[in-house]
Amino acid sequence: ESTKKYPAPSDIKEELLKKYPPKVAKKRGKAIVVNDPEEIPQVQANTRTIPGIITQRGCSYAGCKGVVLGPTRDIVNLVHGPIGCSFYAWLTRRNQTRPDGPEGENYMTYCFSTDMQEEHVVFGGEKKLKQAIQEAYDLFHPKAIGIFSTCPVGLIGDDVHAVAREMREKLGDCNIFGFSCEGYKGVSQSAGHHIANNQVFKHVVGLDDTDKGGKFKINMLGEYNIGGDAFEIERLLAKCGITLVASFSGNSTIGQFENSHTADLNVIMCHRSINYMAEMMETKYGIPWMKVNFIGAEATAKSLRRIARYFEDDELMQRVEEVIAEEMPAVQNVLEATYPHTKGKLAMLFVGGSRAHHYQELFGELGMETISAGYEFGHRDDYEGRKVIPNIKIDADTKNIEELKVTPDPERFRPRKSEEDLARLKEEGLDIRDYEGMMPDMKKGSLVIDDISHYESEKLIELYKPDIFCAGIKEKYVVQKMGVPLKQLHSYDYGGPYAGFSGAINFYKDIDRMVNSRVWKLIQAPWEEENELEATYVTP
Ligand code: CFM
Ligand code: HCA
């Protein structure tokens, strides 16, 4: 519990909106809500950013190429577009790969691009794309090539799917598929996730029926191995005796995707980016999905128990308890040392579409309060939770991005659990259909802000004076110049892993160092130095 004094959240909201022209204030007002976990208020999400506002968001290409396909090791990810789009997506997301294996090709460190020039914009770029595919094939002989459309490709009308088909037939032994993920599609990265899910499901999942063995077979969805998180989760799953068939897509191979329909359960870390895949796999193959969270030591223990509970196997449940008992003392030791320095401090989290929620677990363990939080591109269900919004299909993405028509596969559909089994499990305390959003987990009076603007972030910091602000690289140095440390929850500031038990230990230590460093007091925030320059908006 924090003892810090700050204005009432409703006054803060008013203050944030005060300078906007009336129309903008009205619109932004719907995306800024004072939370009540008992009676979740509706929040505006997944809508277009108002032109002129500086948003944290990225584009559809980022969500498709960078996020979902980026961490795959042996797919050549070829960007069709100007070189800048490739360059800025080249290893910036810190999805890691092990230098010492596992076996097989790894193209993650390469940057493949058609390097589109003016002549291609004028005369068309399909020929250049075919050449680039041929070149990549001749050089590497990859199992698969993914083609990613950038904005100009959509504008000039190059048909990447036709090129993919033609080259797949020509080359014979290479799976080639395209993604119409032009940056302008949809309103954020979120549209790109959806496009990526559709194409991977359509062109890859289900190609390999081999039963690779294992008693408890799961896929890990929405875990991208940022800072090595997947390595820690893989370690824990292996220790418990749970077989990881495929990971979407941290530290993954195309072979895993092809075989992923043989798993018995899909567990989802980042629901926002991969829920479409889970739904489609459930419909076509009968694999149920369940939300988990490996961010936070308690959340990790809870997630392992939920997986064991699902399989209803006494030995597995016992093994999971042993693993938790083995791992927890080290976590507790570090927490005991850090807690006295971190308790009562204030945090703010503005990131992506799941971490602004998940990381509240770790801050909670440190005794810190998340006073304000929001996603860049989450949808209403990510905020309000499935209990409040049972039908996740209402979101605006489905208006922008075509949904695949998926039906049960008559030969391979195999319900892993019957509806009766699931109902019984629910009675016994495991409701796999349910998951909480951010708001049910946040305190009454906390301020939830969707697609926060640069101006609003600055104002928030000035009004709340938080001990730490969590966001991305674009925010980092602006915030630190105000004398507030910023923790990047995207790249972990080149640290990590933060998942699982050893990840929690890393996080406790890093946050302790950041919130207790005296260096921040040496910086004068702009409002401490001089009066603000007043600007007036011209209202039309
Ligand atoms: Fe999911 Fe992610 Fe996130 Fe995301 Fe991202 Fe990311 Fe993120 Mo950056 S998939 S929504 S589109 S957890 S890249 S690994 S850190 S914004 S909160
Ligand atoms: C993206 C990737 C990003 C950006 C991070 C940041 C990531 O959205 O295109 O803004 O610092 O995690 O790398 O979210």
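Check the entry above for the structure.
Per chain, the residues get numbers from 1 upward, laid out in the order the sequence is written. Starting at A for chains and at 1 for ligands, labels are handed out in the order in which the entities are written. Per-residue local features of the predicted model are confined to residues with pLDDT of at least 70, and side-chain atom pairs are confined, for both listing and counting, to 80 or more; whole-chain, interface and lining totals are unaffected and use all residues. Heavy atoms from the whole structure form the basis of all side-chain values; hydrogens and water molecules are not counted.

Novice: Just to check I follow, could you spell out the overall build of the protein chain for this structure?
Specialist: In terms of regular secondary structure, the protein chain is built from 22 helices and 14 strands. Relative to the compact-globule value of 24 Å for 540 residues, the protein chain shows a C-alpha radius of gyration of 24 Å, a close match. Taking the principal axes of the C-alpha coordinates as reference, the protein chain spans close to 65 × 65 × 40 Å. Only protein chains enter the accessibility calculation, which uses a 1.4 Å probe; a residue whose area is less than 20% of its type maximum is buried, one above 50% is exposed, and one in between is partly exposed. Taking all 540 residues of the protein chain together, 58% fall into the buried category. For this analysis, residues touch if any pair of their heavy atoms sits within 4.5 Å. Partitioning the contacts of the protein chain with sequence separation of at least 6, the portion at a separation of at least 24 is 77%. Accessible surface, the protein chain: about 23400 Å² in total, of which carbon and sulfur atoms supply 53%. Think of it this way: Lys and Arg go in the positive column, Asp and Glu in the negative one, and His and the chain ends go nowhere. A charged residue contributes its charge at one atom only: NZ of Lys, CZ of Arg, CG of Asp or CD of Glu. In the protein chain, 67 side chains carry a positive charge and 81 a negative one; their mean positions are 2 Å apart. Counting from the N terminus, the helices are DSSP H or I runs at least four residues long and the strands are E runs at least two residues long. For the radius of gyration, the atom set is restricted to C-alpha positions; the globular benchmark scales as 2.2 Å times the number of residues to the power 0.38. Every accessible area reported is derived by Shrake-Rupley at a probe size of 1.4 Å, with residue values counting cover from the shown protein chains alone.

Novice: Just to check I follow, could you spell out the pairing of strand β11 (residues 369–374) for this structure?
Specialist: Each regular strand carries side chains that alternate between the two faces of the sheet. In terms of burial, β11 is largely enclosed, as six of its six residues are buried. Two strands qualify as a pair provided DSSP detects at least 2 bridges between them. In this structure, strand β10 (residues 346–350) lies alongside β11, joined through five bridges in parallel fashion. Within β11, the position partnered with M348 by the bridge is S372. The pairing of β11 with strand β12 (residues 447–449) spans two bridges and is classified as parallel. Looking across to β12, one finds that A373 is bridged to V448.

Novice: Please clarify how the site of ligand 2 should be interpreted in this entry.
Specialist: Neighbouring ligand 2 are the residues A62, R93, Q189, G472, I473, K474 and H490. With respect to ligand 2, the side chain of Q189 contributes an N or O atom lying 2.7 Å from an oxygen atom. Burial of ligand 2 by the protein amounts to 76% of the accessible area it has alone, namely 360 Å². To be near a molecule or strand, a residue needs just one of its heavy atoms within 4 Å of it. Whenever a nitrogen or oxygen atom comes within 3.5 Å of another N or O atom, the pair is scored as a polar contact, on the condition that within protein one atom can donate a hydrogen and the other can accept it, and that pairs from neighbouring residues in sequence are kept only if both atoms are in side chains.

Novice: I would appreciate a short explanation of the site of ligand 1 in the present structure.
Specialist: In the vicinity of ligand 1 there are 13 residues, among which R93, H193, C270, S354 and H490 approach most closely. When residue character is reported, Ala, Val, Leu, Ile, Met, Phe, Trp, Tyr, Cys and Pro are called nonpolar, Asp, Glu, Lys and Arg charged, and the others, Gly included, polar. Of the residues that constitute the shell around ligand 1, the class distribution is five nonpolar, six polar and two charged.

Novice: Before we go on, may I ask you to explain the nonpolar core in this structure?
Specialist: A general feature of soluble globular proteins is that nonpolar side chains tend to end up buried together. What we call a nonpolar core is a set of buried Ala, Val, Leu, Ile, Met, Phe, Trp, Tyr and Cys residues that are connected through their side-chain atoms within 4.5 Å. Of all hydrophobic cores here, the largest spans 108 residues; its most connected members are F179 and I307. Judged by nonpolar contacts, the second largest core, of 26 residues, contains F350, I449, M482 and A525.

Novice: Explanation requested: the environment of Y88 in the structure shown.
Specialist: Relative to the helices and strands, Y88 resides in the loop between α4 (83–87) and β3 (112–113). The class of Y88 is exposed, set by a relative accessible area of 65%. Taking C-alpha positions, Y88 is 37 Å from L335, a pair spaced 247 residues apart along the chain.

Novice: Help me understand a nonpolar patch on the surface, please; the structure alone is not making it clear to me.
Specialist: A cluster of nonpolar residues, F87, Y88, W90 and L91, forms a patch on the protein surface that exposes about 490 Å² of accessible area. Residue position: F87 is located in helix α4. Patch members must show over 30% relative accessible area and no salt bridge, and they are joined within 9 Å when carrying like charges or within 5 Å when they are nonpolar side chains of Val, Leu, Ile, Met, Phe, Trp or Tyr. Each salt bridge in this description consists of a side-chain nitrogen of Lys or Arg and a carboxyl oxygen of Asp or Glu lying within 4 Å of one another.

Novice: How should I be thinking about the sheet that holds β12 in this particular structure?
Specialist: Think of a sheet as strands paired side by side through backbone hydrogen bonds, with each pair either parallel or antiparallel. The strand order across the open sheet built from six strands is β1-β12-β11-β10-β13-β14, with neighbouring strands paired in mixed fashion. Strand pairing shows two members of the sheet lacking a second neighbour, β1 (32–34) and β14 (486–488), which therefore form its edges. Geometrically, the sheet is characterised by an average inter-axis angle of 20° between neighbouring strands, direction not taken into account. Angles shown run from 0 to 180 degrees and are taken between the N-to-C directions of axes, each axis being a line fitted to C-alpha atoms and, for helices, limited to the stretch in contact. In the packing of helix α1 (residues 9–17) onto the sheet, the strands contacted are β1 and β12, and the crossing angle to β1 comes to about 165°.

Novice: Explain the side chain of S252 here, please?
Specialist: Following the sequence through the fold, S252 ends up in the loop between β7 (243–249) and α11 (254–259). For S252, a relative accessible area of 0% puts it in the buried group. Ignoring anything within four residues of it in the chain, the contact list for S252 reads P71, T72, R73, D74, S247 and F257.

Novice: What's the story with helix α9 (residues 189–203) in this structure? I'm lost.
Specialist: Residues separated by three or four positions in an α-helix point in the same direction, a consequence of the helix having 3.6 residues per turn. Here the expected span of a helix is defined as 1.5 Å times the quantity of residues minus one. The end-to-end C-alpha distance of α9, which contains 15 residues, comes to 21 Å, matching closely the 21 Å that a straight helix rising 1.5 Å per residue would cover. Put simply, S188 is the residue that caps the front of α9, since its side-chain oxygen is 3.1 Å from the backbone nitrogen of S190.

Novice: It is not clear to me how the side chain of S453 should be interpreted in this structure. Could you clarify?
Specialist: Following the sequence through the fold, S453 ends up in the loop between β12 and α19 (454–464). A polar contact of 3.0 Å, which involves the side chain of S453, links it to the side chain of Y20.

Novice: Explanation requested: the packing of aromatic side chains in the structure shown.
Specialist: Aromatic rings in a pair are described by how distant their centres are and how their planes are angled relative to each other. Stacked, edge-to-face and tilted labels apply to pairs of Phe, Tyr and Trp rings (six-membered ring for Trp) whose centres lie within 6.5 Å, assigned for plane angles under 30 degrees, over 60, and everything in between, in that order. Counted according to the given criterion, the structure contains 23 aromatic pairs. On the numbers, 5.8 Å between centres and 65° between planes, the contact of Y20 with Y455 is edge-to-face. Note that Y20 is positioned in the loop between α1 and α2 (22–29) and Y455 in helix α19, a separation of 435 residues in sequence. For Y20, a relative accessible area of 9% puts it in the buried group. Taking the relative accessible area as the measure of exposure, Y455 reaches 25% and is therefore partly exposed. Between Y359 and F507, the ring centres sit 5.5 Å apart and the planes meet at 50°, which makes this aromatic pair tilted. One end of the pair, Y359, is in helix α15 (residues 355–365); the other, F507, is in helix α21 (residues 500–516), with 148 residues separating them in the sequence. Taking relative accessible area as the criterion, Y359 reaches 1% and is therefore assigned buried. We classify F507 as buried; its relative accessible area is 0%. Members of the aromatic cluster, each reached through a chain of ring pairs, are Y359, F363, Y492, Y498 and F507. Note on criteria: charge over ring means Lys NZ or Arg CZ within 6 Å of the ring centre, with the direction from the centre no more than 35 degrees off the ring normal. Over the ring of Y310 we find K417; its NZ or CZ atom is 4.8 Å from the centre of that ring.

Novice: I would appreciate a short explanation of the environment of R94 in the present structure.
Specialist: Mapped onto the secondary structure, R94 falls in the loop between α4 and β3. Discounting residues that sit within four places of it in the chain, R94 has contacts with N225, I226, G227, S491, Y492, Y494 and G495. Within the structure, the side chain of R94 is placed 2.5 Å from the backbone oxygen of S491, a separation counted as a polar contact. Among the polar contacts listed, one links the side chain of R94 to the backbone oxygen of G495, at a separation of 3.1 Å.

Novice: Would you mind going over the pairing of strand β2 (residues 75–80) with me for this structure?
Specialist: The buried count for β2 comes to six of six residues, which makes it a mostly enclosed element. Across the two faces of β2 the burial is the same, with I75, N77 and V79 and V76, L78 and H80 all buried. Here β2 runs beside strand β4 (residues 144–149); their pairing, made up of six bridges, is parallel. Following the sheet pairing, L78 is matched in β4 by I147. As paired strands, β2 and β3 are joined by two bridges and run parallel to one another. Residue pairing for β3: L78 is matched across the bridge by F112.

Structural measurements only, silent on function.
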